[in-house]
Amino acid sequence: MTLENIIRRFRKPGKGSPKRFVSAWTEQEVLDGEVTDCFVVVLRTKGCYWSRVSGCSMCGYINDCAEEAPPEDVIAQFEEAMERHAGQRFLKIYTSGSFLDDDEIGVGAIQHILTTALTRADGVLIESRPEFITRERLEGLPDSGRIEIAIGLESANDVVLRNSINKKMDFGDFRKACELCQDMGMATRAYILVKPPFLTEKEAITDAASTARSASSLVDTISLNPVNVQRNTLVEFLWKRGEYRPPWLWTVLEVLDQAEDVDSRVVVSTAGAGSRRGAHNCGQCDSAIVDFLREFSTDSSVDPPDPRCECREQWLDLLDVQGPMQCSANPHSFFDR
Ligand SMILES: [Zn+2]
């Protein structure tokens, strides 16, 4: 059985109302080198096309989708969400899919939403898979110099992309999309997954740190995204059976340390961090590290947390012994057992 088929079994496409956006909140971001308030809105669409076919092993965003979401509904959601916008200079517009996918959003809606967004904020961030980042599409965007495009790279290792994540893209696709954005004067951001399934803790450190180095010449910002266990995913299935543990927070700190010399700005996603489903340590030292990671994303000069906790020894031991315990990046033999 292929990984593509295995993942399809866990998927439960959401049946949310296309009349309601998923959520909206305010967070801190850096725009033109300055810390500023950022308004984030998650719109409900029919979801990522790849997720409807099979999907990535850790991604449960399709849970938040609608069966159908016509362009006029997506526009109405955006306008309703923007009633809560209170002058934040930076806007992030997420769709749990690809904002540049005509089939997911509709060309008219893409244009309308971006044009409105750029009249209300100084900078706008959208997300897309690389296959929708074409010259034709970028040239059609309003004021593209103020748009930042975020791409889920996850790993620069094509074997990990294929056998662990089921990403349906390779590093070459990512590189091409980034070069095009650079050519158009657009800012870019890469999401890097920390600890895809089937990798040991140690392999996960190497994978994320080397991915950060490979991506650094191609993007302005690197976002380290430690896995959080999302519902109806292969990762959740493994986690429930005790065959997957989200990364240790020590692992996240180690990746940051190893990626210290990259040229891009580095930020860390703390979604779910400190909980059982997110990156976590022993429970005693978690909150200090999570606070540090949160602060680090807007101020990289902040002091790292106290590394003294008994669980650090446990983590160091794990880095030495774990390996034969897991089938590294080979889900097929794992499932055939
Ligand atoms: Zn601890």
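To be clear, the structure that these remarks concern was listed above.
Residues numbered from 1 in each chain as written. Predicted model: local features only at pLDDT ≥ 70, side-chain atom pairs only at ≥ 80, totals over all residues. Heavy atoms only, no water.

Considerations on the nonpolar core
Stage number 1. The biggest cluster of nonpolar side chains holds 76 residues, and the ones touching the most others in it are Ile93, Leu100, Leu138, Ile149 and Phe174.
Stage number 2. The contact partners of phenylalanine 174, leaving out residues within four places of it in the chain, are Pro130, Ile151, Leu153, Met169, Ala190, Ala215, Leu218 and Val219.
Stage number 3. The next biggest cluster of nonpolar side chains, apart from the first, holds 21 residues, and it includes Trp50, Phe198, Leu199 and Val235. (Core = buried A, V, L, I, M, F, W, Y, C linked by side-chain atoms within 4.5 Å. Buried < 20%, exposed > 50% of the residue type's maximum accessible area, 1.4 Å probe, protein only. Contact = heavy atoms within 4.5 Å.)

Things to note about the pairing of strand 3 (residues 90-94)
Stage number 1. Strand 3 sits mainly inside the fold: 5 of its 5 residues count as buried.
Stage number 2. As paired elements, strand 2 (residues 34-42) and strand 3 share 5 bridges and run parallel to each other. When the sheet's bridge partners are listed, valine 40 is paired in strand 3 with lysine 92.
Stage number 3. Of the strand pairs in this sheet, strand 3 and strand 4 (residues 123-127) are connected by 4 bridges, and their pairing is parallel. Residue pairing for strand 4: leucine 91 is matched across the bridge by valine 124. (Helix = DSSP H or I, 4+ residues; strand = E, 2+ residues; numbered from the N terminus. Pairing = 2+ DSSP bridges.)

Remarks on the packing of helix 3 (residues 71-82) against helix 5 (residues 107-120)
Stage number 1. As a packed pair, helix 3 and helix 5 sit with axes 9 Å apart at the nearest point and diverge in direction by 15°. Classed by the angle they form, the pair helix 3 and helix 5 counts as roughly parallel. As helix 3 runs across helix 5, the sense of the crossing is right-handed. Where helix 3 approaches helix 5, its residues Pro71, Val74, Ile75, Phe78, Glu79 and Met82 are matched on the opposing element by Ala109, His112, Ile113, Thr116, Ala117 and Arg120.
Stage number 2. Grouping the constituent residues of the contact of helix 3 with helix 5 by class yields 8 nonpolar, 2 polar and 2 charged. (Axes fitted to C-alpha atoms, helices over the stretch in contact; angles between N-to-C directions. Parallel < 35°, antiparallel > 145°, perpendicular 65-115°, else oblique. Left-handed = near helix turned anticlockwise from the far one by under 90°. Nonpolar A, V, L, I, M, F, W, Y, C, P; charged D, E, K, R; others polar.)

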